[in-house]
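Architecture at a glance
Listed below, chain by chain, are the residues.
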Amino acid sequence: MVIRDITLGQYFPVDSIIHRLDARVKIVSTLIFIIALFVVNTFVGLGVATAFLLIIIKMSKVPLGFMLKGLKPIFFIVILTFVLNIFMIDGRVLAKWWIFTVTAEGLRQAIFMAVRLILLILGSSVLTFTTKPINLTDAIEYLLNPLKKIKVPVHELAMMMSIALRFIPTLLEETDKIIKAQQARGADFETGNIIKRAKRLVPILVPLFIGAFRIAQDMAMAMEARCYRGGEGRTKMHALKYVKRDYIAYLIMWSLLALSIVTRIMF
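Residues numbered from 1 in each chain as written. Predicted model: local features only at pLDDT ≥ 70, side-chain atom pairs only at ≥ 80, totals over all residues. Heavy atoms only, no water.

Scanning the chain from N- to C-terminus turns up 12 helices and two strands. Walking the chain from its N terminus toward its C terminus, one meets helices and strands in the order α-α-α-α-α-β-β-α-α-α-α-α-α-α. Dimensions of the chain along its principal axes, counting C-alpha atoms only, are 65 × 60 × 40 Å. Looking at charge distribution, the chain has the averaged site of its 33 positive side-chain charges lying 4 Å from that of its 17 negative ones. (Helix = DSSP H or I, 4+ residues; strand = E, 2+ residues; numbered from the N terminus. Lys, Arg positive; Asp, Glu negative; His and termini not counted. Charge placed at Lys NZ, Arg CZ, Asp CG, Glu CD.)

So this is what it looks like as structure tokens:
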């Protein structure tokens, strides 16, 4: 796996109808899509969700190959999920070797869970690929506004979430630079057992943590220099406002959830 293959938190700057949607719509739509994935329990429902997601990716103008590249870091998790399900579910035996037994039900469940996990990652990636961090912060703050009544620091919470998401690509790029610098000095990160590889990560983690603290300090100083004092009484340069396409998007997403419930009942 190459560090640059991790696409989490990246924004893909193109002009599409998905990019122009209100950030609040995209956050709520992502949550609805995740709920729909957990509602369906058949391959028919999963097929509907897959077709819907492919249409959304096409409309977003984000290359499918670029999105699939982001699956490389979780490839091990997908394989582990597949293996755990295929060997740990009882049913009609298809094959048996030593203590391992493959059943028809286990194979079906393994494929279903692996596909569901992939759709979860791709569906969540659409949100970050098509939404600027500042818009994401405003949308999260707006959606969490009811928590202000119980004294939850909503603005600060939204700001921290957005900053963390924004700096994931920066830290990954910094990690890639450190790895290349260490490899140029003869460091080997590919051979040896797990313990040896873990020990070899120390020359990477130490400068990475130092760099992360330096970035955090620079940002804190920049915010203080601009008289940042939190969210109380602050106004926004671009006020969030729903338009016709946002209401249509809400209607489509709730229809998808309803369709997922119908496929679960019928099949």
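Phe33, Leu37, Leu53, Met67 and Val126 are the most contacted members of the largest nonpolar core, which totals 34 residues. The set of elements that each furnish at least two residues to this core consists of α2 (23–39), α3 (43–60), α4 (64–69), α6 (104–129) and α12 (244–266). Those residues in contact with Leu53, other than ones at most four positions away along the chain, are Phe33, Leu119, Leu122, Gly123 and Val126. Ile27, Ala139, Ile140 and Ala158 belong to the second-largest nonpolar core, a separate cluster that totals seven residues. (Core = buried A, V, L, I, M, F, W, Y, C linked by side-chain atoms within 4.5 Å. Buried < 20%, exposed > 50% of the residue type's maximum accessible area, 1.4 Å probe, protein only. Contact = heavy atoms within 4.5 Å.)

The next subject is the pairing of strand β2 (residues 100–103). Here four bridges tie strand β1 (residues 93–97) to β2, and the two strands are oriented antiparallel to one another. Bridging from a neighbouring strand, Trp97 pairs with Phe100 of β2. Counting the residues between successive antiparallel strands, the hairpin from β1 to β2 contains two residues, one of them, Trp98, with a positive phi of roughly 55°. (Pairing = 2+ DSSP bridges.)

Time to look at the packing of α3 against α6. Contact geometry of α3 with α6 gives a least axis separation of 11 Å together with a crossing angle of 25°. Classed by the angle they form, the pair α3 and α6 counts as roughly parallel. Here the hand of the crossing between α3 and α6 comes out left-handed. Seen from α3, the contacting residues are Phe43, Leu46, Ala49, Thr50, Leu53, Ile56 and Ile57; seen from α6, they are Arg108, Ile111, Phe112, Val115, Arg116, Leu119, Leu122, Gly123 and Val126. (Axes fitted to C-alpha atoms, helices over the stretch in contact; angles between N-to-C directions. Parallel < 35°, antiparallel > 145°, perpendicular 65-115°, else oblique. Left-handed = near helix turned anticlockwise from the far one by under 90°.)

A word on unusual backbone geometry. A positive phi angle, close to 65°, is found at Lys61, a residue other than glycine. Note that Lys61 resides in the loop between α3 and α4.

For an α-helix the count is 3.6 residues per turn, leaving residues at separations of three or four pointing the same way. Relative to the 24 Å expected for 17 residues at 1.5 Å per residue, α2 spans 24 Å between its end C-alpha atoms, a close match to the ideal helical length. Capping the start of α2, Asp22 holds a side-chain oxygen 2.7 Å from the backbone nitrogen of Arg24, two or three residues further along. (Expected span 1.5 Å × (residues − 1). Polar contact = N/O pair within 3.5 Å; in protein donor to acceptor, adjacent residues only side chain to side chain.)

In this section: the pattern of salt bridges. Side chains that carry opposite charge are capable of pairing whenever their charged atoms lie near each other. Inspection of the entire model under this criterion finds two salt bridges. Across the salt bridge formed by Arg20 and Asp15, the nearest N and O atoms sit 2.7 Å from each other. Owing to a relative accessible area of 40%, Arg20 belongs among the partly exposed residues under this scheme. Accessibility expressed as a relative area gives 52% for Asp15, which makes it exposed. Across the salt bridge formed by Asp22 and Arg24, the nearest N and O atoms sit 3.0 Å from each other. Accessibility classification places Asp22 together with Arg24 in one group, the buried group. (Salt bridge = Lys/Arg side-chain N within 4 Å of Asp/Glu carboxyl O.)

The values reported here are purely geometric and, on their own, carry no functional implication.
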